[in-house]
Every structure is written in structure tokens, then in C-alpha cells.
Amino acid sequence: MRIWCFDCFIDDVDEEGRLKQSAMDNNNDEDVEFDLDEREVGGVLNSEDEMLATEEEEEDIAELEQLWSFEIHSQRLVLQGESSNATAAAGAVGEDCKMEEADHDSYHKRAKVYSALADAGNSGSSVERSVSFGVDSSSSSRTDADMFCQNFILNYSRKDGKKDEGDDNGSSESEDFEVHIDLTDDLLHMVFSFLNHVDLCRSAMVCRQWRVASSHEEFWKVLNFENMRISVEQFEDMCLRYPNATEVNVYGTPAVNALAMKAATTLRNLEVLTVGKGHISENFFQALGECNMLRSVTVNDAILGNGAQEIHLSHDRLRELKITKCRVMRLSIRCPQLRSLSLKRSNMSQAMLNCPLLQLLDIASCHKLLDAAIRSAAISCPRLESLDVSNCSCVSDETLREIAQACAGLHILNASYCPNISLESVHLPMLTVLKLHSCEGITSASMTWIANSPALEVLELDNCNLLTSVVLHLSRLQSISLVHCRKFTELNLQSVMLSSITVSNCPALRRITITSNSLRRLALQKQENLTTLVLQCQSLQEVDLSDCESLSNAVCEIFSDDGGCPMLKSLILDNCESLTEVRFCNSSLASLSLVGCRAVTSLELKCPRIEQICLDGCDHLETAFFQPVALRSLNLGICPKLSVLNIEAPYMVSLELKGCGVLSEASIICPLLTSLDASFCGQLRDDCLSATTASCPLIESLVLMSCPSIGSDGLSSLNGLPNLTVLDLSYTFLMNLEPVFKSCIRLKVLKLQACKYLTDTSLEPLYKEGALPALEELDLSYGTLCQTAIDDLLACCTHLTHLSVNGCVNMHDLDWGSTNVQLFDYFGLNSSSDNTQEQAETANRLLQNLNCVGCPNIRKVLIPPAARFYHLSTLNLSLSVNLKEVDLACSNLVLLNLSNCCSLEVLKLGCPRLASLFLQSCNMDEAGVEAAISGCCSLETLDLRFCPKISSVSMARFRAVCPSLKRVFSSPNLAD
């Protein structure tokens, strides 16, 4: 009995190197050779002439298995360095053999999984090295798919049910490497039913129970050897092993003809056979007649016979036949039960068919078949339902007429790429699918004959360059395709069941009329000359007319309530540049896109259900009416020419008018509006603001930046906004903030950037009268307030958490440690009062963020512990070019930015929680920086880029002084 394995069927094996390296690593210094080109033992037993092994062969197998098991155990002992126990191990092998009778029942329900160490011993056994499979040893690479063939142990010749001695030898010594999994045979069979052949082969390597379970013939009814290197002898053994196989694939095998013959003559239950990629003799087709159970045959990419002779095929039960991409002179097929026949891309010159029950015939791309041959083949099949003659340039209208008469039940016809057909006088009353791609003879006159097919459901007319118009009234038409029809100008379709229309790249198309009750989506992108669109589509919900540049304003009537699309929900009119006035009155429309419609000047929507609208690129829009709409947010800041705006949106919460510089009339009725951004609306007046606050009482955030027309009257109306918390009046001409202080009691954020007309007394109510008690953030950047006003704010407004005085030229030193001023006097408190302690507690600052960026007159910043800035976490003094001294004692300061303070000389930091320090472009020396960071035990980031007095070698010193540093940024051009 010879043993061979599955992997000798395959050329490429990429696991060879990995297995060899793994074994060498496990063996350490032991000289164990692995000849993987001879393949592993544990392959399939190959019975040469008989189905069952003789008694002598069984004895040889038992001896071979015992030797193999002994070798495995010996190699394991060598790997473990336990050579002194080798004799005892050999005795254990014999003892296990005696116990096989007792273990006979247990192996049927217990799988043993060995560790990698035990596997290394298996892979290096001497038995493996002694067996050769006759495979080309030059193959050095293998793919994962080769596991289909690797190490599959099929020891099926033993029918006595005795246990395999090689499975349990040495088990007493390998208990540490075993994992027992109790699975009954029925459960294991069910699990294996989900595995493919590759995984079945892997499973067979585990134990005898799994090996037997994985070899069940139910899993091997399909023998797929496609593109495998398998010999005739090996294939014959497989056929003998699995005589009940029903499907065989030997496509691409070296001896494909011989294997196909063997399958046809050996497997009596064969139902499906696939061959090809080679030479197939005439004897093969004769042998097929002996396979009584055969149902399907596929021959692909092959030379039949000698390529110049007639091939005869006769079979009484064959139902499906595919002879594709084959070289043959003539074909003669007699199959009375044949239902499907494909001769696609075969170069025969004649095909004689005797298949009275044939329903599907595919002779596409059979260029050598003449018109008469095609006609003869088709009309010999009176029950033909599907015919594919695409790319058969010889097909004529006469042939189609005779086929239509002979095959009255023809349902599907594919005559694409047939230049000689026009369908003149062709009557196909039962036709449901008609494909006529690139048929140069198809014209508008052909539609008359197509209209005589009342059952037509699918029509494809792509690339019919002479087609100018399509007018069809077919009640069952469901789908039509018109792509790249250069001269096509008009489409008129009436079909109750029409559900799909594909029209693309028809540059001459001008008019479309569609009537359908089933159409839900219509896409007509890039129809540049389309001017007229008439729709009566009761179920239409989505329309895309992007880049239809010639559509006029009349298209709006089509999509209004009386326009024929009562269920329309989404409409896309992007880049329709001919639209100037858009007016929709539609009760179902939910989404509208007018992106890139630059010519639109007027927009009027009465769509109570519309929730989304996109106006990007509508930069010429002047008037907009949204009455009513269901929008929740709207951005009109991209419409700089908008002058008149009316909005009635009961669900809107956010409105952005930023940049509408000419907006002078605005009626905004949005009772749920919470955010309004009217930045740079220079023409917005007080009366408009008053009306808006009256109709939108829930506004919480109001941005009026750069609205110079807003005055005291408009600000007084803010008392109608009880929830207002954010107010931005930056870049306005305000001189009096009294209306704000009286109207906005709950204000938390007030921004007054660049309000240059505010005087020093404008903010007195804040720090003298306690106005805006909830105020937390105040922005006075780029203002003209004097130092005294700023000092008073810092001293008295203890509830502020964020203060910005960026760019204030009147901002001088921040010195809270002056010896000539008593601290509490500085804070506006009386130090001699009896309740000094209570006042000291109230003097605690809540300030968290202080920004003094670009203040040129700041020279000194001193914040001692007595200043009580216990909450200050961020201090930004960057770009203060005259700043020379910084002395901070802030226990919670986390970030300090002194970048570009080029005059900085003294830096003292008592900030134990400081995490980030930025000194970019400062002139401090190394000693000053080292002294500054020495007390910052939490410092993680230090930025010293572009500091000319600090060298790169000092980075190590800084890390030593401050061990918590994680990131130090420095420039490569620092001084040496």
C-alpha cells in the first residue's frame, strides 16, 4: 500500500519555509532534517488496483503507524532534553498499544489537541522522510489554499474499527500537552458540515475520530480539483474512494482529458462535470452517454477533437450544457431533455441541434456562425424562451422573423451589437426582455415594431446612435435604458408599471414626457439641452435634475401640488443655471437643493413639510420667502445680496444671516428660535430687531457684530428675551450700554470688541452698581478704556471667569503687589471694617482665563498669593513686546503663554500645577529659564523655539531641574 497526500495536487506551497524554520527552532541543536518536497506522511491512502486493502497491507500499515508513533515520541523527548527517559518512553508506547482495546469506545467522542511542541516532533519524524510522492521537489512556495491537500490522513482501508496505534502512543507522557474535547460523532458531524474542504483537511490532522468524521462521504460529494496538479492514478483512487460523488471539477488540471474520461466512466452517480483548459477528445463526448445520472456539463477554454472535426454529443438526460470559448469546427448535439445550452465565444461554423425541449440558447460572440446557421439552430428549438445572439454580426431581420414564427414563446432576446437588424416586421408578442445595445440599424421606426410586444417589461437601447425618438405606450414596461444616444431628442413613455428610467449622456434630448404610477425615482443628470419636462407620476418621490442647464422656471409648476407629482419628497436642481425665479407650493416636499444656481434672484417656498434646503452658490439671491416651512436650521450667510427676508418656521432653532450686508427688511417668525447670528448685517435697523425679539422670545444667543445701525432702541427690546445669555455687540458704534444692563439680567457672555466709542464710564454699572450679576465672560479687546476702568473691573467684578483685553493700548502694568496700596483698598474694600475677614473672602477671584495678547504698554505682571486668584488657570500675555518682568504665584495656573515677549528679562513662577509654558522668541537666558521652572513640579510642555540665548545642549539641564517635563520644543538654530 502506497501513501500519498493531497498537497501533491498543487503547484505552489508557501508554508514549506515556515514549517521548516519552525521545526528547526524547536529542535535547537538537534540535527532533524525536514524534506518537505517529499510531503508529510498522513496523506491519503492510495489503493492502486483494489477498493479494500488486503490483510498483508493492513499489517504493513499497522507496523508503519507504530514506527511513526515511536518516532514522534522519541523526537519529543529529544526536544525536551530528556534523553535519559527514552527507554521508558518506548515501553510506554508498547503499553499504550495494549490498552487500545479498553480505549476503543472513548476515541469516538474525544478529540486530542496536542501542543506545538508535540507537533514539531510529528513534522520531523523519520517515517515522513522515508516516503516519496513523486512530486517535483523544485517547488519551494506554497499558498494557504494548499491546506486543502496538506497532511490529510485518510486511513480508510481499515474497516475493522480498531484504534490507530499512532494516536495514543506516549499519551501518558504528553498529558501536559493535551486538551480533551468531548464531542459525540453526531455532534462532530454536524459541526463539520459547515466546513469547506480546506478546513476538513486541517481537522483531519487532530486525531483519528476527527479524521474519520471528516472523511464522511457526505462531505466529499463534490470533488473540486480545479487548477490542481493531480495525476490520473491519484484521481482514480479518489473516484474509488468516493464512488457516490455527484460533482467533479477538473478544469485546468494537467491531464484534463484523461481525468474527465475517468470521471465519466467511474462515477455512476455523477451529475455535474466541469472540464476545460486543455485538449478534450471526441471519446470524452462519447463516454458522456454512459453517465445516466449526468445533468450538467461545462467545457470551457478547450480544443475539442483536433479542432477541425465534427463533435457529436448524445445524452438522454442532460439538462444543462455549456461549451464556451472552445475551438471546434462543427457541433452536433442530440439531447432530448436539454433545457439550457451555451456556446458563447466558441468558434464553430455550424451547430446542429436536436433539442426539442431547449429553453435557453446562448450563442453570443460566435463570430463564425453564419446567419443561416443561427437561423437553423434556433428554429430547431420550438420551445425556446431565451435567445442571446449578441455580437453575432451576421444576424438579419429575416432570421429574427423566422425565429419569431418558430419560437412563439420567446421571452428574452439579446441582439446587442448586431448592426444589420432593425426589427422590421418582427412580431414577438410574448417578449418580456429586449436588449439592443449598439445596434446601428435601430431607429425611431423600430419603435413601431417594438410597440407590438405588449408583454415587454425591460428595454435597453444604449448606444443606438441613429435613434432620434422613443414613443411607447406599453402597459407592462417596467424598465428602460437610454445611454449615449447622440441623436436622441424626445422620450414619451406611458406605462402604469414603469419603475426605472435610465437616461444619460444624451446631449440632444429636449423633451421628456412620462406617465407612470410606479415610478419612485427619476434621475436625469447632465441633460444640457432638456427644456421641457412633463410628469404624471403619482408615486414619484425623488427627482434629480442636476446640471440640466436649459431648464426654465416652468419646471417649478411640474413639482407643485397641481403638477402631477403629489408624493414628491426630494428635489435636486443643482447647477440649473437658467433658473431665475424659483417658486414651489408643495405640501409633500421635504428636501430641496439649489446648489450652484447662480442666476436665481427670487425664492418663494410654501412647503410646510420641507426640512432641508441647500442654497450654496446662490450668491445673487435678493428676496427669499419661507412661509411656512418645517426647517430647523437655515444658513443664508452665503447670499450676500439678500435684501428682503420673510421666514415663518415654527420649528426653527438656528438662523444664520452672517454676511447679508444689504439685508434691510426681515420678518422672522420662529417661536422656537434659540440662536440668531446677524453679523455684518449693516442695514439691519432697530425696528427689525424689535420685531424679531417679539416673535422669537426664546432666543438665547444673539450676535449683532458689525451692525452699526442698531442703537439704544433696538437694545431696549432685548428685555423681551428672558433667556438671553450670549450677546455680541463687537465692532458697533455704541456709546451707552445702559439698555443692555437693564434688559439682559441673565446675560453670561458679553462681547464688546473694538467698540471704540465706549467711554470710561460706560462700564461703571458693572463694577459700581452690580449690573449683570450672572456675567461670566467679558471681551473688551481692542477698546479704548483707560487703565483705571480696567483695574476697577478686575477688582470688583469677582464673578467673571473669562476676561479678554487683547490689544488694549491703555492697558498698563498688572501689579497686585504694590506696597503703597493696601490690598483691600485696591479691591475697593475698607480694611478697617469690623467684617474684614468676610470681605477678604468675598475678594476671592473667580477668574479662570485672562487674555492680554498684544498689549504694548504692559511692562510688569505681578500676582502674589494675596491677590486671591485661586481659580486662574490660563494666562496669555503673548505679543506684549515691552513686557520685562513676570512674577506669578497662582496655585491653579495650568497654561502660561509668553511667546514673542522679546523684552522679557525676569520670570518668577510659583505655580505648582503649571503644565504648559510657552516662551517662544523670548530673550531670556538659560539661567533665568532654569530658575523659573525649578518650582513647577507639574510642568510637562516647554516651548523654547527661536530663543536666541538658549542652546540645544541645555535641554538636558532643564529636564534635570524639572523631571516632570515630557515635551521640550527647541529650534535647530539655537546658539551653541
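Before going into details, it helps to say that this report is about the structure given with it. (Residues numbered from 1 in each chain as written. Predicted model: local features only at pLDDT ≥ 70, side-chain atom pairs only at ≥ 80, totals over all residues. Heavy atoms only, no water.)

Within the protein chain, the regular secondary structure consists of 25 helices and 52 strands. Sorting the 976 residues of the protein chain into buried and exposed places 49% on the buried side. Excluding contacts between residues fewer than 6 apart, the proportion of contacts in the protein chain whose partners are at least 24 apart in sequence is 49%. For the protein chain, the accessible surface area stands at approximately 41600 Å², while carbon and sulfur atoms represent 49% of it. (Helix = DSSP H or I, 4+ residues; strand = E, 2+ residues; numbered from the N terminus. Buried < 20%, exposed > 50% of the residue type's maximum accessible area, 1.4 Å probe, protein only. Contact = heavy atoms within 4.5 Å. Areas by Shrake-Rupley, 256 points an atom, 1.4 Å probe, with all protein chains shown as cover.)

Our next topic: the sheet that holds strand E13 (residues 350–354). What the three strands build is an open sheet, ordered E9-E11-E13; its pairing is parallel. Two strands in the sheet have a free side with no partner beyond their single neighbour: strand E9 (310–314) and E13. With direction set aside, neighbouring strand axes in the sheet form an average angle of 10 degrees. The pairing of strand E11 (residues 330–334) with E13 spans five bridges and is parallel. The residue bridging Arg330 from the neighbouring strand is Gln350, located in E13. (Pairing = 2+ DSSP bridges. Axes fitted to C-alpha atoms, helices over the stretch in contact; angles between N-to-C directions.)

Residues Asp397, Thr399, Leu400, Ile403 and Ala404 constitute the buried set of helix H14 (residues 397–406). Buried residues in H14, looked at end-on, bunch into an arc of 155 degrees, giving them a common side. Elements that come into contact with the buried residues of H14 comprise helix H13 (371–379), strand E15 (386–388) and strand E16 (412–414). (Arc of directions from axis to C-beta.)

Right, let's talk about the nonpolar core for a bit. Counting residues in each nonpolar core, the largest one holds 263 residues, and the members touching the most others are Val470, Phe559 and Phe626. In terms of residues, this core owes the most to one element, helix H11 (residues 256–266), which gives five residues. Contacts of Val470, omitting those with residues within four sequence positions, involve Met447, Leu461, Ile480, Leu482, Phe488, Glu490, Leu491, Asn492 and Leu493. (Core = buried A, V, L, I, M, F, W, Y, C linked by side-chain atoms within 4.5 Å.)

Applying the stated criterion across every chain, the model contains 20 salt bridges. With a shortest N-O distance of 3.7 Å, Arg375 and Glu402 are connected by a salt bridge. Within this pair, whereas Arg375 is found in helix H13, its partner Glu402 is found in helix H14, the two being separated by 27 residues in sequence. Residue classification places Glu402 among the partly exposed positions, given a relative accessible area of 26%. Asp687 is the partner of Arg685 in a salt bridge, and the nearest nitrogen-oxygen pair spans 3.8 Å. Take Arg685: its relative accessible area is 39%, and that puts it in the partly exposed class. (Salt bridge = Lys/Arg side-chain N within 4 Å of Asp/Glu carboxyl O.)

Moving on, we come to the packing of aromatic side chains. A complete count under the given rule lists five aromatic pairs for this structure. Between Phe192 and Trp210, the aromatic rings sit 5.6 Å apart at their centres with planes inclined by 85 degrees, giving edge-to-face as the arrangement. Placement of Phe192 in helix H7 (residues 185–192) and of Trp210 in helix H9 (residues 208–214) is noted, with a sequence separation of 18 residues between them. Of the two residues, Phe192 and Trp210, neither departs from the other in class, the shared state being buried. Consider the rings of Trp220 and Tyr242, whose centres lie 5.8 Å apart with planes at 20 degrees: the pair is stacked. You can see Trp220 sitting in the loop between H9 and strand E5 (222–224) and its partner Tyr242 sitting in the loop between helix H10 (232–241) and strand E6 (247–249), a full 22 residues away along the chain. Take Trp220 and Tyr242: they sit in the same class, and that class is buried. (Phe/Tyr/Trp six-rings, centres within 6.5 Å; stacked < 30°, edge-to-face > 60°.)

A few words now on the sheet that holds strand E25 (residues 532–537). If you trace the four strands from one edge of the open sheet to the other, you get E19-E21-E23-E25, paired in parallel fashion. Edge positions in the open sheet fall to strand E19 (469–473) and E25, since each of these has one partner strand only. On average, each strand axis in the sheet is inclined to that of its neighbour by 5 degrees, with strand direction left out of account. Sheet topology places E19 next to strand E21 (residues 490–494); five bridges connect them, and they run parallel. Directly across from Leu472, in E21, lies its bridge partner Leu493.

The next point concerns the environment of Ser296. Relative to the assigned elements, Ser296 resides in strand E8 (residues 296–304). The spatial distance from the C-alpha of Ser296 to the C-alpha of Ser340 is 9.3 Å, given a sequence separation of 44 residues.

Once that is clear, we can look at a nonpolar patch on the surface. A cluster of nonpolar side chains, contributed by Leu187, Met190, Val191 and Phe194, occupies part of the molecular surface with about 410 Å² of accessible area. With respect to the helices, strands and loops of the structure, Val191 is situated in helix H7. Classification of Val191 as partly exposed rests on a relative accessible area of 38%. (Patch = residues over 30% accessible without salt bridge, like charges linked within 9 Å, V, L, I, M, F, W, Y side chains within 5 Å.)

Two elements, E6 and strand E7 (residues 272–280), share three bridges in a ladder whose sense is parallel. Bridge assignment links Glu247 to a residue of E7, and that residue is Val272. Taken together, E6, H11 and E7 constitute a β-α-β crossover, and its handedness is right-handed. Looking at chain direction, E7 and E8 are connected through eight bridges and run parallel. Opposite Ile280, over in E8, you have Leu304 as the bridge partner. In terms of handedness, the path from E7 via helix H12 (residues 282–287) over to E8 forms a crossover that is right-handed. (Right-handed = clockwise from strand over helix to strand, strands pointing away.)

Just distances and angles here, no functional claims.
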